[in-house]
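# Secondary and tertiary structure notes
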Amino acid sequence: MRRGYNPYLLPPWLRMTRFYCKDIILPLTVFELIRTIFIPTTFDFLLLCIMSCILFLFYKNII
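Residues numbered from 1 in each chain as written. Predicted model: local features only at pLDDT ≥ 70, side-chain atom pairs only at ≥ 80, totals over all residues. Heavy atoms only, no water.

## Some details on the state of the cysteines
Our working definition: When two cysteine sulfur atoms are found within 2.5 Å, that pair is recorded as a disulfide.
With the rule as written, the count across this model stands at zero disulfides. In this model Cys21 remains outside any disulfide bridge; the closest cysteine sulfur is found in Cys53, 16 Å from its own. A disulfide-free cysteine, Cys53 has its sulfur positioned 6.7 Å from the sulfur of Cys49, the nearest such atom.

The following block contains the structure:
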C-alpha cells in the first residue's frame, strides 16, 4: 500500500513552488470566472474548469 502524501518529503524548491502556486491559484480562478461570465468562449470555459480542478486538488492536499 502507498503511504499518505507528505509535502515535506519534496525538495525545498518544489515545496516553495507549490506554496506560491497555492496562494496565486484562487485569485486567478476568480479572475477567469469573471472573464468567462462577461466574454464566454470555449477556451475560457475549459481554462476555468482546469483551474477549478487544480484549486480543488490544492486545497484537498492531493497535489
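## Some thoughts on helix 2 (residues 42-59)
What counts, and what does not: Comment: elements are numbered from the N terminus, with helices defined as DSSP H or I runs of at least four residues and strands as E runs of at least two. To estimate how far a helix should extend, the number of its residues minus one is multiplied by 1.5 Å. The rule is simple: take the accessible area with a 1.4 Å probe, protein chains only, and divide by the maximum for that residue type; under 20% is buried, over 50% is exposed, in between is partly exposed. What the arc describes is the spread of directions from the helix axis to the C-beta atoms. When checking whether two residues touch, look at their non-hydrogen atoms; a contact exists if any pair is within 4.5 Å.
The end-to-end C-alpha distance of helix 2 is 26 Å, a good match for the 26 Å that 18 residues give at a rise of 1.5 Å each. Within helix 2, burial applies to Asp44, Leu48, Met51, Leu55 and Phe58. Buried residues along helix 2 cover an arc of 90° about the axis, so they all sit on one side. For helix 2, the secondary structure elements touched by its buried residues are helix 1 (12-38). Once helix 2 ends, the next one or two residues include Asn61, with phi positive near 60°.

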